[in-house]
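# Reading the structure
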Amino acid sequence: MDLLFKVSAEAAEDAGIEPGAIDGLLVGPQVGETPQHVPATVAEYFGMQPTMSNVVDLGGASGPGMIWRAAAAIEAGQCDTVLCVLGNHRNPVAPRSPNRNPAREFDTPFGASGANTSYALLMQAHMAEYGCAPEDYALIAAGARENAQLNPMAIFHGQPASVEEVLASPMVASPLHLFEIVMPVAGGEAVIVTTAKRAAKGPHRPIELWGAGEKLTHRAVSQAPSLTSGPLKPSMERAFSQAGLGVKQMDFLSLYDCYTIMVAATIEDAGLCAPGEFGAWLRDNGGMGPLARQPINTHGGQLGFGQPDLAGGMTHVVEAVRQLRGSAEGRQIDNCNTALITGNGATMSEAVALVLGASA
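Our next topic: the overall build of the chain. Each helix and strand in the chain was counted, giving 13 helices and 10 strands. On the principal axes, the C-alpha backbone points of the chain span a range of 55 × 50 × 40 Å. Put simply, the chain has 360 residues, and 53% of those count as buried. Here the contacts in the chain between residues at least 6 apart in sequence split such that 75% fall between residues at least 24 apart. Carbon and sulfur atoms make up 51% of the accessible area of the chain, which totals about 15,700 Å². Averaged over its 21 positive side-chain charges, the chain has a centre that lies 4 Å from the centre of its 35 negative ones.

On to unusual backbone geometry, then. Here the residue pair Ser174 and Pro175 is connected by a cis peptide bond, since its omega of 10 degrees sits within 30 degrees of zero. Tracing the chain through its elements places Pro175 in the loop between β4 (171–173) and β5 (176–177). Positive phi, close to 50 degrees, is recorded for Asn335, a residue that is not glycine. For Asn335, the position within the fold is in the loop between α13 (311–325) and β9 (338–345). The exposed category is assigned to Asn335, whose relative accessible area is 67%. With phi around 55 degrees, Ala346 is a residue other than glycine that occupies positive phi space.

Cut-offs and rules
- Residues numbered from 1 in each chain as written.
- Predicted model: local features only at pLDDT ≥ 70, side-chain atom pairs only at ≥ 80, totals over all residues.
- Heavy atoms only, no water.
- Helix = DSSP H or I, 4+ residues; strand = E, 2+ residues; numbered from the N terminus.
- Buried < 20%, exposed > 50% of the residue type's maximum accessible area, 1.4 Å probe, protein only.
- Contact = heavy atoms within 4.5 Å.
- Areas by Shrake-Rupley, 256 points an atom, 1.4 Å probe, with all protein chains shown as cover.
- Lys, Arg positive; Asp, Glu negative; His and termini not counted.
- Charge placed at Lys NZ, Arg CZ, Asp CG, Glu CD.

Everything listed here is a matter of coordinates, which is why it stays silent on function.
What follows is the structure, encoded as structure tokens:
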């Protein structure tokens, strides 16, 4: 709770907004030992009395999912300024409510237990379908580590990794190597969404939500409609349609990257290349750094920056905002005016896509 408060206070200060002006609150599920009444618990701790509050439970897509919900609540006249906050500690035993998900009865006994095994299944299917090489996926992990060297806050700052080093790291769940799997860290992320009128009075260039899309298809990977394409595809299509833009018009790609296969599938589902050709596209793109044709995850992504639980998805929102307003010190993209953000929950199951743009 202290961590959530700290990043929320920093976000309010950064936005130039008095905490008392915040009248909306969106939080994640199961904060500490509070599986119920989470918004009320957080609001009480923060000293808030919001007119709109809710829990957003979309796994890694919770952060981006909060953004369009906040905008919708403002548009509906329920509030003017919404705090969206996520975070977690890394204590040895985090108190949680019992998990009685049906997957524990029908999937887990057959070995489909946990994210590593499930995403390994997706990667195996993708490799089998399209013939992609391990080196292709390793490009993503190496690119994330390279970007992390530009971000002093990244957990792997000072620890680059080449494609060869990624493939030499221990095999965790075939074909996933250790460096292709996200690193859990402690941390928090907070974003404030407000009216255009109030944003125009702030200290930074206002960043606008131009489009959003969301889609849920399953919970357990055994029920996935496809193992090579996910719900981000229709989510991105809707976000682009609302924005009136296409993926090739995005100056920055802030793509959810819990595993290398997630980025590979997202690149293909976004329409940047044909299925199975993400590796060739990355090479032609000039990598993932700020100087690439379409830079990806310049903060290091979760593979290089780290995954602070559900706040991992929010890191992609924060980095996109920093790039669009020109404050990504040491890694700023030239002429960055549009950004695609993706969020992913469960096993390529819960998807949110946002298109953000810098106001004129």
